[in-house]
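A look at the structure
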Amino acid sequence: MATSSAPGKVYLFGEHAVVYGEPAVPCAIERRATVTVEKRADERLRVRAQDLSLEGFTVEYDGSTAGTPEVDVTEDLVEAAMGYVDEAIAQARDAADAPNAGFDVHVESSIPLGAGLGSSAAVVVATIDAATRALGVELDREEIADRAYQVEHTVQDGQASRADTFCSTMGGAVLVEGDNCERIAAPDLPFVVGYDGGAGDTGALVSGVRSLRETYPFAADTVESIGDLVEQGIDALEAEDTTELGRLMNFNHGLLAALGVSSRSLDAMVWAARDAGAAGAKLTGAGGGGCIVALDETDATETALKYSPACAEAFRAELDTEGVCREQ
Ligand SMILES: Nc1ncnc2c1ncn2[C@@H]1O[C@H](COP(=O)(O)OP(=O)(O)OP(=O)(O)O)[C@@H](O)[C@H]1O
Ligand SMILES: C[C@@](O)(CCO)CC(=O)[O-]
Ligand SMILES: [Mg+2]
């Protein structure tokens, strides 16, 4: 049996534009998915995922009947929910050269789903690490990150960057530009997250930006402008200049809104944070609904968000510096 955990993330800068090769800076946060994997004597895969919004369920099936899990919700829902775990297990079987290995998988997570905090990447990274170790193989972090990216790329129909999976594997602040990913030095930033209780459809939002970019020159320019702003953000990060970082986050949110990926509740939370004195605030991740991230050393933003009707949950998020962890 092996247990691994991996963190979620916020984007300080650069989501969406990163899909077109512009630089982005995701930062791992101390909210984790923890996955326990036990090898089975047979070839079946049994997944217990208690924190899914489908009220938690258990699926059990073998590879040959993957389309017919034994559950009482519709197949579509299960497939959508289980795609990441399924593909992560396929990567682990491949890495350990054990194509028929069966597993009991138990997923626990404190990262809200589909909300821009990288829950899918955290689950995938932790599952690959735990499942390979359950088969007696220890992968290095580069391989975990690469295999986790392959999973997101497959499940999201080719629409994924390496950002979430690399960041979840390595921890810390990360600079992603195309296929190049590296950890960068960052001060301990005072992140505050506001969550509207909803979710966005990452695939649909990425497709929306893609078609906007192909149809309207302003949208292509906006994507490039996000890239320029990220370059300035990297300088501000090096200078540990929180005021400038906040200003650039505000610009980044405006540009994301121009690309159509904000929402009424995301905008309302961003303004609640700014009004409370945050250095800056922006949506994080794919948008459409889910989370914003703000910078504030004081408690004012968290308190203001908690009183904002648009916000279901607000919390302080510490920068995670560990990345994937072997718990057992
Ligand atoms: N606790 C969990 N148990 C099992 N699967 C999970 C869990 N958390 C997330 N997932 C998988 O990840 C999917 C959500 O991933 P999605 O990429 O849409 O959002 P996200 O990763 O939370 O946000 P973003 O990619 O915008 O940062 C879920 O539908 C499910 O398949
Ligand atoms: C919208 C996007 O840039 C971030 C989602 O967390 C998509 C991706 O990078 O895969
Ligand atoms: Mg995701």
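Residues numbered from 1 in each chain as written. Chains lettered and ligands numbered in written order. Predicted model: local features only at pLDDT ≥ 70, side-chain atom pairs only at ≥ 80, totals over all residues. Heavy atoms only, no water.

To be explicit about the condition: UniProt positions are given in the numbering used here, feature names are shortened, and annotations may be inferred rather than shown by experiment.
An unreviewed UniProt entry annotates the protein as Mevalonate kinase of Halodesulfurarchaeum formicicum. Its UniProt record gives the protein the following Cofactor (unreviewed entry) comment, quoted word for word: "Mg(2+)". In its Subunit (unreviewed entry) section, the UniProt entry covering the protein states "Homodimer."

**Brief notes about the UniProt feature "domain: Galactokinase N-terminal" (unreviewed entry) in the protein**
To keep it simple, the criterion reads: Strands are runs of DSSP state E lasting at least 2 residues, helices are runs of H or I lasting at least 4, and numbering of each runs from the N terminus.
If you check UniProt for "domain: Galactokinase N-terminal" (unreviewed entry), the listed places come out as residues 4-38 in our numbering. Overall, residues 4-38 shows 0% helix and 69% strand. The separation of its end C-alpha atoms is 12 Å.

**Observations concerning the site of ligand 2**
What counts is decided by this rule: Each residue is tested against the molecule or strand, and it is near if at least one of its non-hydrogen atoms lies within 4 Å. Any N or O atom pair separated by 3.5 Å or less is treated as a polar contact, with the protein-specific requirement of one donor-capable and one acceptor-capable atom, and with residues adjacent in sequence counted only for side-chain atom pairs. Only the protein chains shown count as cover for residues, and all accessible areas are computed by the Shrake-Rupley method using a 1.4 Å probe. Residue type decides the class: Asp, Glu, Lys and Arg count as charged, Ala, Val, Leu, Ile, Met, Phe, Trp, Tyr, Cys and Pro as nonpolar, and the leftover types, Gly among them, as polar.
For ligand 2, the full set of nearby residues is Lys9, Tyr11, Glu15, His16, Val18, Val19, Ala160, Ser161, Asp164, Val206, Gly285 and Ala286. Lys9 places a polar side-chain atom, nitrogen or oxygen, 3.2 Å from an oxygen atom of ligand 2. Contacts to ligand 2 include Asp164, whose side-chain N or O atom sits 3.2 Å from an oxygen atom. Here ligand 2 has 300 Å² of accessible area as a free molecule, and 95% of this is covered by the chains. For the shell around ligand 2, the class distribution of residues is six nonpolar, three polar and three charged.

**Side note on the site of ligand 1**
Taken together, 22 residues sit near ligand 1, with Lys9, Ala81, Gly114, Gly118 and Ser119 positioned nearest. Measuring from an oxygen atom of ligand 1, one finds a side-chain N or O atom of Lys9 at 2.8 Å. The separation between an oxygen atom of ligand 1 and a polar main-chain atom of Gly118 is 2.8 Å. Here ligand 1, which alone exposes 640 Å², has 91% of that area covered by the protein. Taken together, the elements giving at least two residues each to the shell around ligand 1 come down to helix 1 (75-95), strand 5 (102-109) and helix 2 (119-134).

**Focus on the sheet that holds strand 8 (residues 191-195)**
Adjacent strands of a sheet form backbone hydrogen bonds with each other and so pair up, either parallel or antiparallel. In plain terms, the rule: We treat two strands as partners when DSSP finds at least two bridges between them. For helices, the fitted axis covers only the stretch in contact; all axes are lines through C-alpha atoms, and the angles between them, taken along N-to-C directions, range from 0 to 180 degrees.
With respect to topology, four strands assemble into an open sheet ordered 9-10-8-11, the strand pairing being antiparallel. Each of the sheet's edge strands pairs with one partner strand only, and the pair in question is strand 9 (280-283) and strand 11 (313-317). Mean inter-strand twist for the sheet, computed between neighbouring axes without regard to direction, equals 20°. Pairing analysis gives five bridges linking strand 8 to strand 10 (residues 291-295), with the strands arranged antiparallel. Within strand 10, the position partnered with Val193 by the bridge is Val293.

**Focus on unusual backbone geometry**
For clarity, the cut-off: Here's how the labels work: a residue is buried when its accessible area is under 20% of the maximum for its type, exposed when over 50%, partly exposed in between, all with a 1.4 Å probe on protein chains only.
The backbone phi angle of Asp97 is positive, close to 55°, even though this residue is not glycine. Structurally, the position occupied by Asp97 is in the loop between helix 1 and strand 5. Given a relative accessible area of 67%, Asp97 falls into the exposed group. Positive phi, close to 55°, is recorded for Glu240, a residue that is not glycine. By the element assignment, Glu240 lies in the loop between helix 6 (217-238) and helix 7 (242-258). Residue classification places Glu240 among the exposed residues on the basis of a relative accessible area of 52%.

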